[in-house]
Amino acid sequence: MVSGWRLIPWDGVAATSRGRDAQGRGRGRCGGRRAVGALGPAMLRVAGELADGTITTWATASALADHIVPEITKAAGGRTPRVVAGTIVCVTSHEDERRAWVAENFGMVGQAPIYRAMLDRGHAAGPQGAVVIGDETAVERQIRRLFDAGATELVALPLGSEEEQARTTALLADLAG
């Protein structure tokens with residue numbers, strides 16, 4: 001079990017926020033906690049000062065440890081900010097093929113300046129280097145690295161065939177305990 005994990009099936013909840021009150025619409029409710037999609041220094045300062053944390057994408061463990069976590073923690077003024085690591089996850093026996101698929105279908109990510117900067121901070125040549133893909137052992141190791149780097153939560157986007165997605169979901173459920 002990974003400490004602090006919960007497996008939360010997504011069921012299409014939409015949230016709106018006004019001031020310090022948040023409301024949920026749809027099939028669920030949203031609490032008062034807010035995280036901002038922040039990757040660059042200025043937005044991480046805003047997220048650290050005015051929100052509960054950040055939601056990242058295309059951030060490797062080294063990008064979290066060396067950039068995201070220090071920047072937002074400094075701005076949070078003594079409290080521990082949420083760092084939600086959003087990433088594609090795939091438990092597979094075909095790692096090279098799945099990474100190639102990510103490169104082909106998400107390659108344009110590396111052309112957007114903010115994502116290019118995040119990939120560079122994470123020492124990833126492209127989006128295929130910033131995803132969690134491999135067999136069960138490799139995926140668990142990569143996820144643990146994200147948490148060791150300072151992630152407080154994980155949003156996993158399963159990728160692959162139905163069988164691979166089932167393996168991915170089963171592993172995530174096991175890790176969540």
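Rules used throughout
Residues numbered from 1 in each chain as written. Predicted model: local features only at pLDDT ≥ 70, side-chain atom pairs only at ≥ 80, totals over all residues. Heavy atoms only, no water. Phe/Tyr/Trp six-rings, centres within 6.5 Å; stacked < 30°, edge-to-face > 60°. Helix = DSSP H or I, 4+ residues; strand = E, 2+ residues; numbered from the N terminus. Buried < 20%, exposed > 50% of the residue type's maximum accessible area, 1.4 Å probe, protein only. Contact = heavy atoms within 4.5 Å. Pairing = 2+ DSSP bridges. Right-handed = clockwise from strand over helix to strand, strands pointing away. Patch = residues over 30% accessible without salt bridge, like charges linked within 9 Å, V, L, I, M, F, W, Y side chains within 5 Å. Areas by Shrake-Rupley, 256 points an atom, 1.4 Å probe, with all protein chains shown as cover. Salt bridge = Lys/Arg side-chain N within 4 Å of Asp/Glu carboxyl O.

Draft legend 1. Seen up close, the packing of aromatic side chains. Counted under the stated rule, the structure contains two aromatic pairs. Ring geometry for Trp58 versus Phe106: centroids 5.6 Å apart, planes at 55°, classification tilted. With Trp58 in the loop between strand S4 (53-57) and helix H2 (61-75) and Phe106 in helix H3 (residues 95-106), this pair connects stretches of sequence that are 48 residues apart. The buried category is assigned to Trp58, whose relative accessible area is 10%. Exposure remark for Phe106: the relative accessible area of 28% places this residue in the partly exposed category. Each residue in the set Trp58, Trp101 and Phe106 is aromatic and connected to the rest through ring pairs, giving one cluster.

Draft legend 2. Quick peek at the environment of Ala38. As for its placement among the helices and strands, Ala38 is situated in the loop between strand S3 (35-36) and helix H1 (41-50). Separated by 15 residues in the primary sequence, Ala38 and Gly53 have C-alpha atoms spaced 8.6 Å apart. Contacts of Ala38, omitting those with residues within four sequence positions, involve Met43, Leu44, Ala47, Thr54, Ile55, Thr56 and Ile68.

Draft legend 3. View of the pairing of S4. Of the pairings in the sheet, the one linking S3 to S4 comprises two bridges and is parallel in character. Opposite Val36, over in S4, you have Thr54 as the bridge partner. The parallel pair S3 and S4 is bridged by H1, and the resulting crossover is right-handed. With five bridges joining them, S4 and strand S5 (residues 82-91) adopt parallel strand pairing. Residue pairing for S5: Thr56 is matched across the bridge by Ala85. Running through H2, the crossover from S4 to the neighbouring parallel element S5 is right-handed.

Draft legend 4. Fine view of a nonpolar patch on the surface. Together, Met43, Val46 and Leu50 make up an exposed nonpolar region whose accessible area comes to about 280 Å². Along the chain, Met43 falls in helix H1. Since its relative accessible area comes to 39%, Met43 is described here as partly exposed.

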